Each structure stands twice: as structure tokens, then as C-alpha cells.
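# Notes for the structure review
Listed here are the chains, written in short residue letters.
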Amino acid sequence: MSSPNSHQARPEAVRIEPYVWKIVGVVILGMIMSILDTTIVNVALDTLSKDLHSTISQIQWVATGYLLSLAAVIPLTGWAARRFGAKRVYIGSVVLFTLGSALCGLASSSTSLVAFRVLQGVGGGMIMPVAQMIMAEVAGPKRMGKVMGVTVMPAMLAPILGPVVGGLILEHFAWQWIFFVNVPIGIVGVVLGLLMLPDSELGAAGRLDYLGLALMVTGMPLVVYGLSEIGTTGSFTAAQVVWPIVAGLALSAAFVRHALRAERPLLDVRLYANRIFGSASLTTFFLGAALFGAMILVPLYYQQVRGESVVATGLLTGPQGLGMLCVAPFTARLTERFGGGRVAIVGVSLLALSTLPLALIGADTSIVVISATLLLRGVGIGLAFMPTMTVSYASLRKDQLSDATPQMNVLQRVGGAIGTALLAVVLQRASAGASTPA
């Protein structure tokens, strides 16, 4: 058998110098801030709704606006890193994220909080892809797999730690500290970035696709806005529901038409002609909707329907992240043995089956049943996400990866924004029905 020899050669092939791990550690600090902030706020939405005198359909924009701003700036990161250098863009992103966090803590209304969350998301959206560029450059292609295996841990831990940390902060401090806690971490991240990150040259930036940018950052937010207005109006046919959706879809269609004709579009939609990449992208979109949508619905259910404390809510939300974490060490080996497509299908099927019980839960549903359902959802998401990305990237040429990476991130974030908006609508209407006198 040849496997023993290959096994003995593997440690030497993937040996990573200490300076690489130091750089990886610096950028992971920024990645943790960005990812954790996606989940830490969800447990505070009920508190924010009460303190800022807003409905659920209004306050959900604190989460949705952040996700949409993430999606809007991700396609810019490749051009910006080539134009200004990855180190500068990374540090600038952390600065913007930290400033946005401080302003969120100072917000006095739901409108100002949503606006500052959008600003925060602009910084947070660039942190992840630029961090990946820096890691890819310092690690090299042969060692990137091992490095990425470490960097996925923040994404797995965020659904567990975010709600718990958020609950503990709300239990002992005002909601403003949900955002203020990012400020010292951001300052440390900037200082370490200035001292330790290397300068890089990623090639010529080229001309920015301004038309594509304008179409993309207006089209999808209009669609999500229209969906969120269903909860406010209680109607699927109201003008403030229909017209934003129609306008958003028209602008999105115009972006696709422009991208097919442009020499260097903001997003290369021609990649979707590859059936494997197209299928994987669609799966990523729905996985984002399922993951982030449930992360807003479950905390609000526990607080508004079950009357649980913020700390208990954070702990009860953890099983989904725990399920993701449990399968994370095995997904790479399962993908190698059975193929990414088969593993992803199992994950998606498990996710779909474990989502159905969430539509049937009531005020007296056993917490053990809900926790078990969330655990299975986490296992399904964990089995689906990484194999799906592996399959999608394996189907492309090397020169297409720089376009594919931001697109997968955009689809995940937009899917999350739409899932959040739709499930907030469901919860808003259910809450209104439950509060109506019999």
C-alpha cells in the first residue's frame, strides 16, 4: 500500500513556519469580530425592539442591513486590494468596523442604529475576503488547505458564542455594550495589523465597474425591503411591498445583462454557465437563508413566546452551532472519500428535514425537542457548507477563483438577508395573531 508513504510525507509538505501563523492569528482576530457580530446582535433584537419602540419587522433591519452591506462591499474587495494593497484595505476595514461599532452604541433610535449598522457592515464585509487574500499569499497554495482548516473555526464558533456572549452582556450591562465591546478589540487589531502584516502586490487593479456597482447595491436591497414590508403592512399586494420588489428585480436583471456584456464586470456572472458552480452557488444561497434566518427566529421565539432570559436564550440557541462544530473535523475527510456532491446532498437533506419541525413549534413544545432539532440543523449545515464550496471551486479554472470567491460570499450574505427578512415577517404576523384577543 502506498498510503503510509504519503502519510509520512504529508507533515513535511504542509509544514507552516511560525511567522505565517502569526499573520494568520492577526487576521483571524478581525474575522472573529466580523463573524461574531453577525450573531451576537440577534439575541438583543427583542431588547432593542422594546427600548427603541420598534416592531420586529422594523428592528430586524439591524440584522438585515448589516448582512446586505456585507454583501454589497464584498465584490469590491478584490479591486480595492489590488488598487491600495491588501494590508491597507484590511486595516481600513477594521477601522471602519470599529468606528461603526462605536456609533451603533451611541444610536438613539432604530433608524440611526440601522444606518450605523450598515456602516459597520461595510467595514465588516471587507475584513473576511481581504484576510483570505493575505493568508493565501503568505501561506501559498500547498499550505492554504491547512490554514483554511483553522480559519473556519470562527465561523463554526460564532453561532455558539455569539448568542451566549450577547446574553451575558445584556444580563449585566446596557444593550449599547453589544457594540462597544468591539472597540478595544478593533484597536488591538489595527495596531497588530500595522506592526505585523506584510505589504503585498496583487497586480493591476483595472477600472472599477461603477455601473455594475450601482445596479447591484440598489437592486437586492430593494427586494429585501419589499419582503420586510409584508410584516408591516400585513399584505402581499400592498404598493410598498410590490413596487420595491419589482424595482429590485428589474435592477438585478439589468446588472446581469450589463455583466454579460462588460469586459471586466464587478461580478463575472458567466461563471454560472458552469452547471456545477451554478448548482453550488444556489445551494450556498439557500444555506445562507436557512442559517441566518433561523439565527434571528429562534432567539426571538425563546424571548417573546417562552419568556426566557437573554442568557438562557443564548445558551438555548447554541445547539445549532454545536452541531456545525461537531462535524467540522470530519467534513474534509468525508469529502475526500465520498465526494463533495454526495456529502453536500446529505447535509442539505438533513437540514431540510430538521427545518420542518421549526414550523410546527408552539408555546409548549419541549425544549429538548427544539434543541435536538437545532443540533441536527447544525449537523446538516456543517455537512453542506464546506463540501459545497469545495465542489464549486474544484469545477473552475485557477484564473476564475478570484471572481468566484466574492460571488459565493455575496450569495451567502444576500441569502441570509432574505432569510432574515422573511422569517421576521413570519414571526411578526404570528406575534400579532397571538396577541389578538379571542
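Residues numbered from 1 in each chain as written. Predicted model: local features only at pLDDT ≥ 70, side-chain atom pairs only at ≥ 80, totals over all residues. Heavy atoms only, no water.

## Remarks on the side chain of Ser93
On the secondary structure map, Ser93 appears in helix 7 (residues 86-106). For Ser93, a relative accessible area of 3% translates into the label buried. Contacts of Ser93, omitting those with residues within four sequence positions, involve Gly123, Met126 and Ile127. (Helix = DSSP H or I, 4+ residues; strand = E, 2+ residues; numbered from the N terminus. Buried < 20%, exposed > 50% of the residue type's maximum accessible area, 1.4 Å probe, protein only. Contact = heavy atoms within 4.5 Å.)

## With respect to the packing of aromatic side chains
Here the structure, examined in full by the defined rule, presents 6 aromatic pairs. Ring plane angle 75° and centroid distance 5.4 Å describe the contact between Trp177 and Phe180, whose orientation is recorded as edge-to-face. Separated by 3 residues within a single helix, Trp177 and Phe180 lie in helix 10 (residues 177-180), roughly one turn from each other. Assessed through its relative accessible area of 44%, Trp177 is described here as partly exposed. Phe180 sits in the partly exposed class, given a relative accessible area of 22%. In textbook terms, an aromatic cluster arises when at least three aromatic residues are bridged by ring pairs, as seen for Phe173, Trp177 and Phe180. (Phe/Tyr/Trp six-rings, centres within 6.5 Å; stacked < 30°, edge-to-face > 60°.)

## Let's talk about helix 13 (residues 239-261)
Given 3.6 residues to a turn, an α-helix orients residues that are three or four positions apart in the same direction. Relative to the 33 Å expected for 23 residues at 1.5 Å per residue, helix 13 spans 33 Å between its end C-alpha atoms, a close match to the ideal helical length. All of the buried residues along helix 13 are Val241, Pro244, Ile245, Gly248, Phe255, His258 and Ala259. (Expected span 1.5 Å × (residues − 1).)

## Observations concerning the packing of helix 2 (residues 18-40) against helix 5 (residues 61-73)
Contact pair helix 2 / helix 5: the axes reach a minimum separation of 10 Å and the direction vectors enclose 145°. For helix 2 against helix 5, the interelement crossing comes out left-handed. Facing Ser34, Asp37 and Thr38 of helix 2, the residues of helix 5 in contact are Tyr66, Leu67 and Leu70. (Axes fitted to C-alpha atoms, helices over the stretch in contact; angles between N-to-C directions. Left-handed = near helix turned anticlockwise from the far one by under 90°.)

## Observations concerning the pattern of salt bridges
Once their charged atoms are close, side chains differing in charge can pair, the charge on each being opposite to the other. Using the criterion set out here, one finds 2 salt bridges in the structure. For Lys50, the salt bridge is made with Asp46, and the minimal N-O distance between the two is 3.2 Å. In this pair, Lys50 and Asp46 are both assigned in helix 3 (residues 45-51), 4 residues apart and thus about one turn of the helix distant. As a salt-bridge pair, Asp268 and Arg270 come within 3.3 Å of each other at their nearest N and O atoms. Assessed through its relative accessible area of 15%, Asp268 is described here as buried. For Arg270, a relative accessible area of 36% translates into the label partly exposed. (Salt bridge = Lys/Arg side-chain N within 4 Å of Asp/Glu carboxyl O.)

## Describing the side chain of Ser354
Along the chain, Ser354 falls in helix 16 (residues 340-355). Within polar-contact distance, the side chain of Ser354 engages the backbone oxygen of Leu350 at 2.8 Å. In terms of polar contacts, Ser354 uses its side chain to reach the backbone amide nitrogen of Arg377, at 3.5 Å. (Polar contact = N/O pair within 3.5 Å; in protein donor to acceptor, adjacent residues only side chain to side chain.)

## Focus on the environment of Gly219
Here Gly219 lies in helix 12 (residues 210-233). By relative accessible area, which is 0% here, Gly219 ends up buried. In sequence terms Gly219 and Phe255 are 36 residues apart; their C-alpha atoms lie 8.4 Å from each other. Leave out the neighbours within four places in its chain, and Gly219 touches Gly248, Leu251 and Ser252.

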